[in-house]
Amino acid sequence: AAMKNGLPLGVIICMASLCACTPSPAPTATPAQTAPPASPATEPATKAAAAADATPTADETTPVAAEAVVRAYYAAINARDFATAYAQWSDGGAASGQSFEHFRNGYANTASVEAEVGTATGEEGAAGSRYIRVPMELRATQHDGSVRRYRGGFVLRAAVADGASAGQRRWHLYSAGIQRLPE
């Protein structure tokens, strides 16, 4: 079977869609004051391009920085800033396995999310990239008041190849392995 980071590709795709269709939490975040959002078709690409233009510092490639990406992902989801959350995925969101519209719509019934992000482990390199695992537990409160709990984690990727842009050298979500816990 096709494998990616030691997991069957079908499992990773399933987990990535589970992750994007279920709210991911983060510490309480306040939405930033910004101009009106761009159209849904261009919004994620615009934010991803802006993020890629900034130059990463040495601190943005540490295990702690990988944990911060997961926290930022859930903070954006909690703030309903789906373009920023989507842009945390590698390849401008494509690594989520979903279109931006499908990703955003996956949170339609979610009122809020809270994530406990664990310690990044297992950093390794391969073919011009670095990979690291970040565990997490998620509590997603639905609009009807019900609560869904999830456990799993993400594999994050940062490019290290010559010629990689500053944005590519930062950690991005690469795959997810998240399961809903019994109620």
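Residues numbered from 1 in each chain as written. Predicted model: local features only at pLDDT ≥ 70, side-chain atom pairs only at ≥ 80, totals over all residues. Heavy atoms only, no water.

## Here we look at the confidence of the model for the chain
Low pLDDT marks regions whose predicted coordinates should not be analysed in detail.
Thinking step 1. Per-residue confidence for the chain gives a mean pLDDT of 77, with 68% of residues at or over 70.
Thinking step 2. With pLDDT under 50 throughout, residues 1-58 is counted as low confidence; its partners more than four residues away or in other chains account for 109 contacts. (pLDDT = per-residue confidence, 0-100. Contact = heavy atoms within 4.5 Å.)

## A look at the environment of Ala 159
Thinking step 1. Relative to the helices and strands, Ala 159 is located in strand β6 (residues 147-159).
Thinking step 2. For Ala 159, a relative accessible area of 7% translates into the label buried.
Thinking step 3. Residues Ala 159 and Ala 126 lie 33 residues apart in sequence; the distance between their C-alpha atoms is 9.7 Å.
Thinking step 4. Setting aside its immediate chain neighbours within four residues, Ala 159 contacts Gly 128, Ser 129, Ala 164, Gln 168 and Arg 169. (Helix = DSSP H or I, 4+ residues; strand = E, 2+ residues; numbered from the N terminus. Buried < 20%, exposed > 50% of the residue type's maximum accessible area, 1.4 Å probe, protein only.)

## Examining the packing of aromatic side chains
Thinking step 1. The full count for this structure, using the stated rule, is 11 aromatic pairs.
Thinking step 2. Aromatic side chains Tyr 73 and Tyr 74 sit 5.1 Å apart centroid to centroid with 65 degrees between the ring planes, which places their arrangement in the edge-to-face category. Across this residue pair, the class does not change: Tyr 73 and Tyr 74 are buried.
Thinking step 3. Arranged with centres 5.6 Å apart and planes meeting at 15 degrees, the rings of Phe 82 and Tyr 107 form a pair that is stacked. Separated by 25 residues along the polypeptide, Phe 82 in helix α4 (residues 82-87) and Tyr 107 in the loop between α5 (100-105) and β3 (110-117) bring together distant segments of the chain. As far as the burial class goes, Phe 82 and Tyr 107 line up, both buried. (Phe/Tyr/Trp six-rings, centres within 6.5 Å; stacked < 30°, edge-to-face > 60°.)

## A short note on the nonpolar core
Thinking step 1. If you look at the biggest cluster of nonpolar residues, it comprises 33 residues, and the most contacted ones within it are Tyr 73, Tyr 74, Ile 77, Phe 103, Phe 154 and Leu 156.
Thinking step 2. Those elements giving two or more residues to this core turn out to be α3 (63-78), α4, α5, β3, β5 (129-142), β6 and β7 (172-180).
Thinking step 3. In terms of residues, this core owes the most to one element, α3, which gives eight residues. (Core = buried A, V, L, I, M, F, W, Y, C linked by side-chain atoms within 4.5 Å.)

## Remarks on the pattern of salt bridges
Thinking step 1. In this structure the tally under the stated criterion is five salt bridges.
Thinking step 2. For the salt bridge of Glu 123 with Arg 130, the shortest nitrogen-to-oxygen distance reads 2.4 Å.
Thinking step 3. Judged by its relative accessible area of 39%, Glu 123 falls in the partly exposed class. (Salt bridge = Lys/Arg side-chain N within 4 Å of Asp/Glu carboxyl O.)

## Overview of empty space enclosed by the protein
Thinking step 1. Going through the model one piece at a time under the given rule, you end up with one cavity of 30 Å³ or more.
Thinking step 2. Each pocket or cavity is described by its volume, and for the largest cavity that value is around 30 Å³.
Thinking step 3. If you trace the largest cavity, you find 10 residues lining it, with Ile 77, Asn 78, Arg 80, Thr 110 and Val 113 closest to the centre.
Thinking step 4. Every element with two or more residues in the lining of the largest cavity is listed here: α3 and β3.
Thinking step 5. Ranked by residues supplied to the lining of the largest cavity, first place goes to β3 with four residues.
Thinking step 6. Its residues placed into classes, the lining of the largest cavity shows six nonpolar, three polar and one charged. (1 Å grid on protein atoms, 1.4 Å probe; cavity = no way out; pocket = protein on both sides within 12 Å on 5 of 7 lines; lining within 4 Å. Points joined across faces, edges and corners; volume = space filled by probe spheres on them. Nonpolar A, V, L, I, M, F, W, Y, C, P; charged D, E, K, R; others polar.)

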